[in-house]
Amino acid sequence: MSALQTLVVPVVANIQADLGVSTSAASWVVTANLLAAAVFTPMLGRLGDLYGRRPVMLGVLTVVLLGSVLAATTSSLPLLLAGRVAQAASFGLFPLAIGMLREELDPKRLTGAMALVSGMLSVGAGFGLVVTGLLMRHGGDYHRLFWLATALTAIGMAGVWLLPRRAGAATGSLDWTGAALLGLGLVLLILPLEEGNGWGWGSARVLGSLAGAVVVLTAFVLFERRTTHPLISTRMLTHRPLVVANATGLFLGFSMFAVFLSVSALVQTPHDIAGYGFGASMLAASLVYLLPGTAGGVISAPLGGRLVVRFGAKSTLVVAAAVAGAGFAMLTVLHSATWEIIVGALMVNTGVTFGYAALPALLIAHVDPAETGIANSVNSISRSIGMSLGTAFVVTMVTRNPIPGPVPLPHESQFVAVFVTGAILAAIAAVMVGLALPRARRPELTVPEVEADEVLGAAGLASR
């Protein structure tokens, strides 16, 4: 389902041309999905804690299926946006899946299994970009992407139907007031991040939205402290390990989308006009430059699980930030040859996969079983905000002060600025994790744990 996050990113221009709408209007195909996800994710995580994961997952997939069919069959922008809003429910599947793993698996296998599932999120996102390149070659119809989403959702429903049903682990009811405040606050936060390039980063709409987000989210925290059954325990917002996990999720989301979008734009830039780039097609950008990083995730996801099991979440997160930072640093100075782009992007993707693998283990070590779903939902929100930041930053950088000509092109220095920013943020993330998290003793694995880990890794490879 993580592929749904990126399937439409490269085809916004195609949607604009097909529907005859403005660039700003077409961009809502991405923006509406992220905004709806910010509202749905915590609510779905809490519903799973209350009423059980399986029925909620089936409900989510039903909504996603209907949204995908609607998007695949319409040529109306309002209906397409409605379909994308429905597809946003898919963001809630990850925290529900983590909660189910905690319920069903033996503790000896839990850490590795969560790492594998979480690590595959970045693989799925990269897969979405690659498939888009394949389906859109020679000017293909973008509706194919939504039919693919329909097929993937149907397969997912068949798999979830076979899962065991368990009663909810939490008590109480859904905090509708808290959900409304959190949803409104996140919308006010994400909306200017998505639209800032068009509105102007110093405009009244951007500044007013950000100020409104601060006010509403502050009201949310104050309300949650006073309610009997809060949507999100305030401990999740103040407990240091959870704060670090969410800040790291923000960085990983930023890194994933920053490298996807910047590399895709750089390699498609014509060298004879701009003096850099490769003039690659969308298909070549996907298959030649992005596919290696995505395919590498099939190996790095189970490897990340083994790192978490053997060395702990803290050490794995430091390694993740270091590898991603090294990839950004390489792209900063080496981006004139195909192999340089491939290796640099592969390193960033590997770091993101390792980081995604470590986060669930860090979270469940510090929350009760009844809070598993909502804790991972909050972390999913932080990753979504990071994706929005990465998207907005890359778009802003590559569209400001273009090279004069019939087709506006960014200067090479603007891509360098993206890579430098990624390297700096990676260094900050590594230091933050290293200093803020408590020192974890390396776990001693028993023979059954090692065997379970090896079986898990093999199963993960086979499932791909």
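What about the packing of helix α4 (residues 53-73) against helix α8 (residues 143-161)?
Reasoning step 1: α8 packs onto α4 with a crossing angle of 160° between their chain directions and a minimal axis gap of 8 Å. Viewed along their axes, α4 and α8 adopt a mutual orientation that is roughly antiparallel. Seen along the crossing, α4 lies across α8 with a hand that is left-handed. Contacts between α4 and α8 involve Arg 54, Met 57, Leu 58, Leu 61, Thr 62, Val 64, Leu 65, Ser 68, Val 69, Ala 71, Ala 72 and Thr 73 from the former and His 143, Phe 146, Trp 147, Ala 149, Thr 150, Thr 153, Ala 154, Gly 156, Met 157, Val 160 and Trp 161 from the latter.
Reasoning step 2: In terms of residue class, the contact of α4 with α8 is built from 15 nonpolar, 7 polar and 1 charged.

A word on the environment of Phe 127
Reasoning step 1: Looking at where Phe 127 falls in the secondary structure, it is placed in helix α7 (residues 107-135).
Reasoning step 2: Spatially, the C-alpha atom of Phe 127 lies 10.0 Å from that of Gly 297, the residues being 170 residues apart in sequence.

Let's talk about a nonpolar patch on the surface
Reasoning step 1: Nonpolar side chains collect at one region of the surface, where Val 333, Leu 334, Trp 339 and Val 343 lie side by side and expose about 370 Å² of accessible area between them.
Reasoning step 2: Residue position: Val 333 is located in helix α15 (residues 313-333).
Reasoning step 3: Judged by relative accessible area, which is 60%, Val 333 ranks as exposed.

Structural notes on the packing of helix α12 (residues 240-268) against helix α18 (residues 412-436)
Reasoning step 1: The geometry of α12 relative to α18 is characterised by a closest axis approach of 10 Å and an angle of 160° between their N-to-C directions. Classed by the angle they form, the pair α12 and α18 counts as roughly antiparallel. The element α12 and its partner α18 pack so that their crossing is left-handed. Contact residues: α12 offers Arg 240, Val 244, Ala 247, Thr 248, Phe 251, Phe 254, Ser 262, Ala 265 and Leu 266, while α18 offers Phe 415, Val 418, Phe 419, Thr 421, Gly 422, Leu 425, Ala 426, Ala 429, Met 432, Val 433 and Ala 436.
Reasoning step 2: Considering only residue class, the contact of α12 with α18 consists of 15 nonpolar, 4 polar and 1 charged.

A few points about the nonpolar core
Reasoning step 1: Among the nonpolar cores identified, the biggest contains 83 residues, and Ile 232, Met 256, Val 259, Val 263 and Val 267 are the most heavily contacted of them.
Reasoning step 2: Tallying contributions element by element places α12 first for this core, with 15 residues.
Reasoning step 3: Ignoring sequence-local partners within four residues, the contact set of Ile 232 consists of Leu 182, Phe 220, Glu 224, Leu 237, Ile 374 and Val 378.
Reasoning step 4: Formed by 39 residues, the second largest nonpolar core is a distinct cluster that contains Ala 32, Leu 58, Leu 61 and Phe 91.

Description of the packing of aromatic side chains
Reasoning step 1: Tallied over the entire structure, the rule returns 4 aromatic pairs.
Reasoning step 2: Taken together, a centroid distance of 5.8 Å and an interplanar angle of 65° make the contact between Tyr 276 and Phe 415 edge-to-face. With Tyr 276 in the loop between α13 (271-274) and α14 (282-311) and Phe 415 in helix α18, this pair connects stretches of sequence that are 139 residues apart. Phe 415 matches Tyr 276 in its accessibility class, with the two residues each being buried.
Reasoning step 3: Across from the ring centre of Trp 161, 5.0 Å away, lies the NZ or CZ of Arg 54, which sits over that ring.
Reasoning step 4: Directly above the ring of Tyr 356 sits Arg 383, whose terminal nitrogen or CZ lies 4.9 Å from the centroid.

Conventions used here
Residues numbered from 1 in each chain as written. Predicted model: local features only at pLDDT ≥ 70, side-chain atom pairs only at ≥ 80, totals over all residues. Heavy atoms only, no water. Axes fitted to C-alpha atoms, helices over the stretch in contact; angles between N-to-C directions. Helix = DSSP H or I, 4+ residues; strand = E, 2+ residues; numbered from the N terminus. Parallel < 35°, antiparallel > 145°, perpendicular 65-115°, else oblique. Left-handed = near helix turned anticlockwise from the far one by under 90°. Contact = heavy atoms within 4.5 Å. Nonpolar A, V, L, I, M, F, W, Y, C, P; charged D, E, K, R; others polar. Patch = residues over 30% accessible without salt bridge, like charges linked within 9 Å, V, L, I, M, F, W, Y side chains within 5 Å. Areas by Shrake-Rupley, 256 points an atom, 1.4 Å probe, with all protein chains shown as cover. Salt bridge = Lys/Arg side-chain N within 4 Å of Asp/Glu carboxyl O. Buried < 20%, exposed > 50% of the residue type's maximum accessible area, 1.4 Å probe, protein only. Core = buried A, V, L, I, M, F, W, Y, C linked by side-chain atoms within 4.5 Å. Phe/Tyr/Trp six-rings, centres within 6.5 Å; stacked < 30°, edge-to-face > 60°. Lys NZ or Arg CZ within 6 Å of the ring centre and 35° of its normal.

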